[in-house]
Amino acid sequence: MTSIGENISNLKLKLPSAVKLVAVSKTKPADDIIEAYNTGQRCFGENRVQELLNKKDLLPVDIEWHLIGHLQSNKVKYIVPFITMIQSIDSYKLLVTVNSEALKINRVIDCLLQIHIATEETKFGFSMKELCENLQSCNISNLRNIRIYGVMGMATFTSDTNQVKKEFRYLRDCFQSLKESYFKSESYFKEISMGMSGDYELAVQEGSTMVRIGSLIFGERNL
Ligand SMILES: *Cc1c(COP(=O)(O)O)cnc(C)c1O
């Protein structure tokens, strides 16, 4: 078996340098995260608030934490003091809550809009229709304590690479049309977070700027 460090260097060789690697450490112990940290990796993704809170106190303060899982509004206040990016904004209500909690402590939180691109119904995210309705009716530039950097999506879990490709291409099209219609003058609106252990190569081909990779780095999860 290869080590966490070797897994990261192998991945780095395959990823274009402009693509950011988010090491998804959910379910894995702090020791594993330290092993990755010691190779220079600073950006880590977690999907549960409680697990993230437990781990972060055991780990170096210069880690950039990304939340990548569904976030309940009542838990926002626990993560705004330290989170680097919330990739899983899946409702307008959540965006408003993040803004108001961030305002209380005078932070600006980087966010991605999660878009539903998979055929499975269980995956969270906005539909494009719903998202555009929200962006039209609500003036998000009034939300001064959030900054929307782009979009995030998860493809269907399938071995049908054409299907996965199609979904990633759709996410890139969504990104481009949102950029044109609502974020033209926001130069920071440039991220497309797509690609996981099983499909990151396809995602990179389709224009991913950020991949979220867990099992290829830390090994399979048994939870
Ligand atoms: C778990 C998870 C990942 C990483 O999955 P792997 O297949 O282990 O690479 C990426 N994104 C999200 C949103 C996740 O929940």
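Check the entry above for the structure.
Please read all numbers here as calculations on a predicted model, not as lab measurements.

S.K.: What should I look at first to understand the side chain of serine 193 in this one?
M.R.: Of note, serine 193 is situated in strand 7 (residues 191-193). By relative accessible area, which is 0% here, serine 193 ends up buried. Sequence-distant contacts of serine 193, that is, excluding residues within four places in its chain, are made with Gln87, Leu112, Val151, Met152, Gly153, Leu171, Met210 and Arg212.

S.K.: What's the story with the site of the ligand in this structure? I'm lost.
M.R.: All residues in the neighbourhood of the ligand are listed as Val24, Lys26, Ile68, Met154, Met196, Ser197, Arg212, Ile213, Gly214, Ser215 and Arg221. At a separation of 2.5 Å, an oxygen atom of the ligand approaches a polar side-chain atom of serine 197. In the environment of the ligand, an oxygen atom lies 2.8 Å from a nitrogen or oxygen atom belonging to the backbone of glycine 214. Burial of the ligand by the protein amounts to 91% of the accessible area it has alone, namely 390 Å². Classifying every residue of the shell around the ligand by side-chain character gives five nonpolar, three polar and three charged.

S.K.: What is the right way to read helix 1 (residues 4-14) from this model?
M.R.: Considered for burial, the residues of helix 1 that qualify are Ile4, Gly5, Asn7, Ile8 and Leu11. The buried residues of helix 1 occupy one face: seen down the axis, they fall within an arc of 160 degrees. Helix 1 presents Leu13 and Lys14 as exposed residues on the side facing more than 90 degrees away from its buried surface. On its buried face, helix 1 is in contact with strand 1 (20-24), helix 2 (30-37), helix 8 (200-205), strand 8 (210-213) and helix 9 (215-218).

Criteria and cut-off values
Residues numbered from 1 in each chain as written. Predicted model: local features only at pLDDT ≥ 70, side-chain atom pairs only at ≥ 80, totals over all residues. Heavy atoms only, no water. Helix = DSSP H or I, 4+ residues; strand = E, 2+ residues; numbered from the N terminus. Buried < 20%, exposed > 50% of the residue type's maximum accessible area, 1.4 Å probe, protein only. Contact = heavy atoms within 4.5 Å. Near = heavy atom within 4 Å. Polar contact = N/O pair within 3.5 Å; in protein donor to acceptor, adjacent residues only side chain to side chain. Areas by Shrake-Rupley, 256 points an atom, 1.4 Å probe, with all protein chains shown as cover. Nonpolar A, V, L, I, M, F, W, Y, C, P; charged D, E, K, R; others polar. Arc of directions from axis to C-beta.

That's the geometry; what it means functionally is another story.
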